[in-house]
Amino acid sequence: AQTVTQSQPEMSVQEAETVTLSCTYDTSESDYYLFWYKQPPSRQMILVIRQEAYKQQNATENRFSVNFQKAAKSFSLKISDSQLGDAAMYFCAYRRWSYQLTFGKGTKLSVIP
Amino acid sequence: DTGVSQDPRHKITKRGQNVTFRCDPISEHNRLYWYRQTLGQGPEFLTYFQNEAQLEKSRLLSDRFSAERPKGSFSTLEIQRTEQGDSAMYLCASSIGTGRGNTEAFFGQGTRLTVV
């Protein structure tokens, strides 16, 4: 069974600084997708960024980028120029093809003004 | 397009009672998922529909849980004889899928269940 591990229960970052959230996963598959979702307090989960395993190039979405290391089964999220609105729970997730998402336990990110 | 809608947002029930939650996916989405999220944990998969067919159920989905998606539109999740351990946030998500392909999943705001 696939597992996703987020080893940082909580992180904090100064506004305008950069922070990296870690994620490792375990799978025997070679074709899969990885995601970072953001869940603000009392609000719905939204997709931040996705990475297809067959792509070697790391995905980037504005201030969000990933460091995907397939051999190491590592998938970290870097948030640059952190903003107050980035404060939320961040979940790393894995998916094979069209199957369901497997989530990590999450990292709570606080942004300090 | 108003996104994925879940009703109710909050539900408090007494142990032993039955509860039913509703999810309205994004209209053109053929795939619908239910997840359960307990405090301090990530969401855990419960079940998944493609159109009206329930294609997969997690072992987390005990016999007290049943889900339906009549006509491939909205879905309901019913919990019979609720237990305190059922207290959680129940999340619904939807996506467009064909074969192996799948768009990103869009989530609703969830239904928070408290069993007292």
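In what follows, the structure referred to is the one given above.
What you see is a predicted model, and the numbers here were worked out from it, not measured in a lab. (Residues numbered from 1 in each chain as written. Chains lettered and ligands numbered in written order. Predicted model: local features only at pLDDT ≥ 70, side-chain atom pairs only at ≥ 80, totals over all residues. Heavy atoms only, no water.)

Trainee: Describe the pairing of strand β10 (residues 88-95) of chain A, with residues and values.
Mentor: Residues and elements named next belong to chain A. Judged by how many residues are buried, β10 sits mostly within the fold: 7 of 8 residues are covered. Summarising the sheet, β10 and strand β12 (residues 107-112) pair through 3 bridges and their orientation is antiparallel. By the bridge assignment for β12, Tyr90 is matched with Thr107. Bridge count between β10 and strand β11 (residues 102-103): 2 bridges; the pairing is antiparallel. Paired with Ala93 across the two strands is Phe103, which belongs to β11. (Buried < 20%, exposed > 50% of the residue type's maximum accessible area, 1.4 Å probe, protein only. Helix = DSSP H or I, 4+ residues; strand = E, 2+ residues; numbered from the N terminus. Pairing = 2+ DSSP bridges.)

Trainee: Summarise the environment of Val19 of chain B; cite the residues concerned and give the values.
Mentor: Residue and element names in this part refer to chain B. Inspection of the secondary structure assignment puts Val19 in strand β3 (residues 19-24). The exposure class assigned to Val19 is buried, which follows from its relative accessible area of 2%. Residues Val19 and Met89 lie 70 residues apart in sequence; the distance between their C-alpha atoms is 13 Å. Contact partners of Val19, with chain neighbours within four places excluded, come to Lys11, Thr13, Leu77, Glu78, Ile79, Thr82 and Leu113. (Contact = heavy atoms within 4.5 Å.)

Trainee: An account of the nonpolar core is needed here, citing residue identities and associated values.
Mentor: In terms of nonpolar packing, the biggest core is built from 25 residues, with Tyr25, Trp36, Phe75, Leu77 and Tyr90 of chain A touching the most fellow members. Of all the secondary-structure elements, those providing two or more residues to this core are β3 (19-21), β5 (33-39), β6 (46-52), β8 (64-69), β9 (74-79), β10 and β12 of chain A. Ranked by the residues each element gives to this core, the list is headed by β10 of chain A, at 4 residues. Trp34, Leu77, Ile79 and Leu113 of chain B belong to the second largest nonpolar core, which has 19 residues in total. (Core = buried A, V, L, I, M, F, W, Y, C linked by side-chain atoms within 4.5 Å.)

Trainee: Now, about the sheet that holds strand β7 (residues 65-68) of chain B: what can you tell me, with residues and values included?
Mentor: All names here are of chain B. With antiparallel pairing, 4 strands are arranged side by side in an open sheet as β1-β3-β8-β7. This sheet does not close on itself; its edge strands, each paired only once, are β1 (5-7) and β7. Between one strand axis and the next, the sheet turns by 15° as a mean value, whatever way the strands run. Pairing of β3 with strand β8 (residues 75-79) involves 5 bridges; the strand directions are antiparallel. In the sheet register, Phe21 faces β8, and the bridge partner there is Leu77. (Axes fitted to C-alpha atoms, helices over the stretch in contact; angles between N-to-C directions.)

Trainee: Provide a residue-level description of the interface of chain A and chain B, including the pertinent values.
Mentor: Contacts between the two partners involve 18 residues from chain A and, on the opposite side, 23 residues from chain B. Of the roughly 1,700 Å² buried between chain A and chain B, counting both surfaces, carbon and sulfur atoms make up 49%. Applying the counting criterion to the chain A and chain B interface returns 0 salt bridges. The tally of links from chain A across to chain B stands at 4 residue pairs in polar contact (both at pLDDT 80 or more). Of the residues in the side of chain A that touches chain B, the class split is 8 nonpolar, 6 polar and 4 charged. (Buried area = accessible area lost by both parts, 1.4 Å probe. Salt bridge = Lys/Arg side-chain N within 4 Å of Asp/Glu carboxyl O. Polar contact = N/O pair within 3.5 Å; in protein donor to acceptor, adjacent residues only side chain to side chain. Nonpolar A, V, L, I, M, F, W, Y, C, P; charged D, E, K, R; others polar.)

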